[in-house]
Amino acid sequence: MEFATEELTRQVGQTARDFANQYIKPYVMEWDESQHFPHEVFAGLGRLGLMGVVVPEEYGGSGLSYIEYVTVIQEIAKVCGGIGLSLAAHNSLCTGHILAFGNETQRKKFLPRLASGEAIGAWGLTEANTGSDAGNMQCTAVKDGKDWVLNGTKNWITHGISGQIAVVVARTGEPRTRNNATAFIVERGTPGFSGGKKENKLGMRASETAEMIFDQCRISDENRLGEVGDGFRQALAVLDGGRISIAALSIGIAKGAMEAAIQYSKERHQFDQPISNFQGISFKLADMATEIAAAELLTFQAADLKNRHLPMTRQAAMAKYYASEVAVRTSNDAVQIFGGYGYTKDFPVEKFYRDSKLCTIGEGTSEIQKIVIAREVLKG
Ligand SMILES: Cc1cc2nc3c(=O)[nH]c(=O)nc-3n(C[C@H](O)[C@H](O)[C@H](O)COP(=O)(O)OP(=O)(O)OC[C@H]3O[C@@H](n4cnc5c(N)ncnc54)[C@H](O)[C@@H]3O)c2cc1C
C-alpha cells in the first residue's frame, strides 16, 4: 500500500529490505530447520541502527518515529517472521520498557548497549500458569536490605537464553491485590539468573523462545524500574506499543505470502491457462490485498498516535487483532493457491503459514485483544 511516505521512511524501509535480502533470505530455511538463533544478524541490524529504532540519539539510538519502526518490522518479516519477531521484542519490549520507565542513570547505562546490538534484550512477564492472566504471576521479588531477591521462572521469553539484558516483572505484593508487581532490570551473569528450556516451536523458529529462571537472584535496588508496585501498569503500557509492532510483523508476513501467491498464480498453468484466470483464485488475491491494506491503515493509525504520545490502547489492540488474523487468513490462502507445492518446504508459503499463527497469540491473544477493545468501546 502506498502512503505519501516521507523520504526518510522510504530510505529506512529500503535499508531494512536490502539487509533482509542479503543477510537473512539466503539462510531462512536453514535457520528454520535447525531452529538456529542467528546472533550475528542482530549485530548487523545494530550496526544499521535498527536495534534502537525509536531510541533517541543521545542514548545511542536512531531517534526515528514509530512510522519508521513499523516499516522496518514489516520489511524484515516479509523475509523471515522469526527475525521480525525477535527484532520487535528487542525494540518494543525490553528496550521500550527501559526507555519509557527507566531513570536517567538506567537509560544511559543500558540503552546504548541495546541500541547498538551489543546486547540483545529480553522481557519477562509470562509464566507457565499465567499467560493471559499475567497479573496473577508467581515469580517474586523480596526486599532484603538494599537489594531485591528474585525467585521463580518466566516462560516463553523471546531471548530467554541469549538476552544479555532482561526486564522482569515480578510480584512484590500479595497475590491478587492491586499494584503488587514491580519491574527490574537483570543482567546476564548475575548469580542466580539463568536461561532454561528452549521451546521447539511450530513457527518463528529462528527466534529464540526459552525460560528465564531466577533462583535466589540478588539485584540492586538501582535496577528497579519506576515505583514499587507499578510493574503491571508499566507492562500494559509497554504491551500497547509492542502490539503495534506485532501488527507490523503480521502485515510483513501477509505481504510476503501474498506476493509469493500472486507470482505463482501467474506462472502456474492448469486447464491451459494461468490459475490467476480463475475467479476462485483471483478473488482470494483481492481479499488478501484489501485486508492487508485495511490492516496497514489500522497499524499506521496506532503508530501515529504513539508518535504523538496520545492514548492508543484501543487502536493498538485493533491493529494487532485485525492484522494478526489477516496474516493467518492470507498465508492459509497462499498455501491453497500453491496447491500441493504449497505443502512442501520448496516454496516459502508453508513457512509464512506456520509463522503467522504466533501473531494471534503473542503479546496477548486475539481473545484478549477483543476484551481490551470491548472494554474501551464500552467506556464510551
Ligand atoms: C513465540 C512466543 C514468544 C513469546 N515471547 C514472550 C516474551 O518475550 N515475553 C513474555 O512475557 N511472553 C512471551 N510470550 C508469551 C505470550 O505472550 C503468551 O503465550 C500469551 O500471552 C498467551 O498466554 P498463554 O500461552 O499462557 O495462553 P492462555 O492464557 O493459557 O490462553 C489459552 C487460551 O485461552 C484464551 N483465554 C484466556 N483468557 C481468556 C479470557 N479471559 N477470555 C477469553 N479467552 C481467554 C486465550 O485467548 C487462548 O486462546 C511468547 C509466546 C510465544 C508463543
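No experiment lies behind these values; they were computed from the predicted model shown.

Novice: How should the pairing of strand β7 (residues 209-220) be read in this particular structure?
Specialist: In the case of a regular strand, side chains alternate between the two sheet surfaces. One ladder, built from nine bridges, connects strand β3 (residues 147-158) with β7; its direction is antiparallel. Across the sheet, Thr153 pairs through a bridge with Ile213, a residue of β7.

Novice: Sorry if this is basic, but what is going on with the packing of helix α4 (residues 66-79) against helix α5 (residues 81-101) here?
Specialist: Two measures define how a pair of helices packs: the angle their axes make with one another and the distance between the axes. In the contact formed by α4 and α5, the axes pass within 6 Å of each other and the chain directions differ by 155°. Judged by the angle between their axes, α4 and α5 are roughly antiparallel. In this structure, α4 contributes Tyr66, Tyr69, Val72, Ile73, Ile76, Ala77 and Val79 to the contact, and α5 contributes Gly81, Ile83, Gly84, Leu87, Ala88, Asn91 and Ser92. Of the residues in the contact of α4 with α5, the class split is 10 nonpolar, four polar and no charged.

Novice: Looking at this structure, I do not really get the site of the ligand. What am I missing?
Specialist: The full set close to the ligand counts 18 residues, and Thr126, Ser132, Trp156, Thr365 and Glu367 are the nearest of them. At 2.8 Å from a nitrogen atom of the ligand is found a main-chain nitrogen or oxygen belonging to Trp123. Between the ligand and the protein, one listed contact pairs an oxygen atom with a backbone N or O atom of Glu363 at 3.4 Å. Here the ligand, which alone exposes 970 Å², has 65% of that area covered by the protein. Of all the elements in the fold, those that place two or more residues in the shell around the ligand are β1 (121-124), β3 and α11 (366-379). Of the residues in the shell around the ligand, the class split is seven nonpolar, eight polar and three charged.

Novice: Just checking my understanding: could you explain the pattern of salt bridges for this structure?
Specialist: Applying the stated criterion across every chain yields a total of 23 salt bridges. Here Glu187 and Arg113 are joined by a salt bridge, their closest N and O atoms 3.0 Å apart. Residue Glu187 is located in strand β5 (residues 181-187), and its partner Arg113 is located in helix α6 (residues 104-116); the two are separated by 74 residues in the primary sequence. In this structure Glu187 comes out as partly exposed when scored by relative accessible area, which is 22%. According to the relative accessible area criterion, Arg113 is partly exposed, its value standing at 23%. Notably, a salt bridge pairs Arg218 with Asp144, separated by 2.5 Å at the nearest N-O pair. One end of the pair, Arg218, is in strand β7; the other, Asp144, is in strand β2 (residues 140-144), and 74 residues separate them in sequence. Three or more residues are tied together by salt bridges with common partners; here these are Arg17, Glu75, Lys78 and Glu259.

Novice: Looking at this model, I keep getting lost on the packing of aromatic side chains. Mind explaining?
Specialist: The description of two aromatic rings rests on the distance between their centres and on the angle between their planes. Summed over all chains, the structure comprises 11 aromatic pairs. Ring centres of Phe19 and Tyr23 lie 5.0 Å apart, and the angle between their planes is 40°; this geometry places the pair in the tilted category. Within this pair, Phe19 and its partner Tyr23 are both found in helix α1 (residues 7-24), separated by four residues, close to a single helical turn. You can call Phe19 buried: its relative accessible area is 7%. In this structure Tyr23 comes out as partly exposed when scored by relative accessible area, which is 41%. Judged by centre distance (4.9 Å) and plane angle (5°), the rings of Phe193 and Phe214 are stacked. With a gap of 21 residues between them, Phe193 in strand β6 (residues 193-198) and Phe214 in strand β7 connect regions that are remote in the sequence. With respect to class, Phe193 is no different from Phe214; both count as buried.

Novice: So what exactly am I meant to see when it comes to helix α7 (residues 231-267) here?
Specialist: Within an α-helix, residues lying three or four positions from one another point in the same direction, as the helix has 3.6 residues per turn. Taking 1.5 Å per residue, 37 residues should reach 54 Å; α7 reaches 53 Å between its end C-alpha atoms and fits that length. Of all the bends found along α7, the most pronounced is centred on Asp240 and spans about 25°. Extensive coverage of α7 is indicated by the burial of 28 of its 37 residues.

Novice: Help me out: how do you make sense of unusual backbone geometry in this one?
Specialist: With glycine set apart, most residues show a phi of negative sign, and most peptide bonds adopt trans. Despite not being glycine, Gln216 shows a phi value in the positive range, around 50°. Since its relative accessible area comes to 54%, Gln216 is described here as exposed. Here the phi dihedral of Glu363 falls at roughly 55°; this positive angle occurs in a residue that is not glycine. For Glu363, the location among the structural elements is in the loop between α10 (349-359) and α11.

Reading guide: rules and limits
Residues numbered from 1 in each chain as written. Predicted model: local features only at pLDDT ≥ 70, side-chain atom pairs only at ≥ 80, totals over all residues. Heavy atoms only, no water. Pairing = 2+ DSSP bridges. Helix = DSSP H or I, 4+ residues; strand = E, 2+ residues; numbered from the N terminus. Axes fitted to C-alpha atoms, helices over the stretch in contact; angles between N-to-C directions. Parallel < 35°, antiparallel > 145°, perpendicular 65-115°, else oblique. Contact = heavy atoms within 4.5 Å. Nonpolar A, V, L, I, M, F, W, Y, C, P; charged D, E, K, R; others polar. Near = heavy atom within 4 Å. Polar contact = N/O pair within 3.5 Å; in protein donor to acceptor, adjacent residues only side chain to side chain. Areas by Shrake-Rupley, 256 points an atom, 1.4 Å probe, with all protein chains shown as cover. Salt bridge = Lys/Arg side-chain N within 4 Å of Asp/Glu carboxyl O. Buried < 20%, exposed > 50% of the residue type's maximum accessible area, 1.4 Å probe, protein only. Phe/Tyr/Trp six-rings, centres within 6.5 Å; stacked < 30°, edge-to-face > 60°. Expected span 1.5 Å × (residues − 1). Bend = angle between axes of the 7 residues up to and from the residue.

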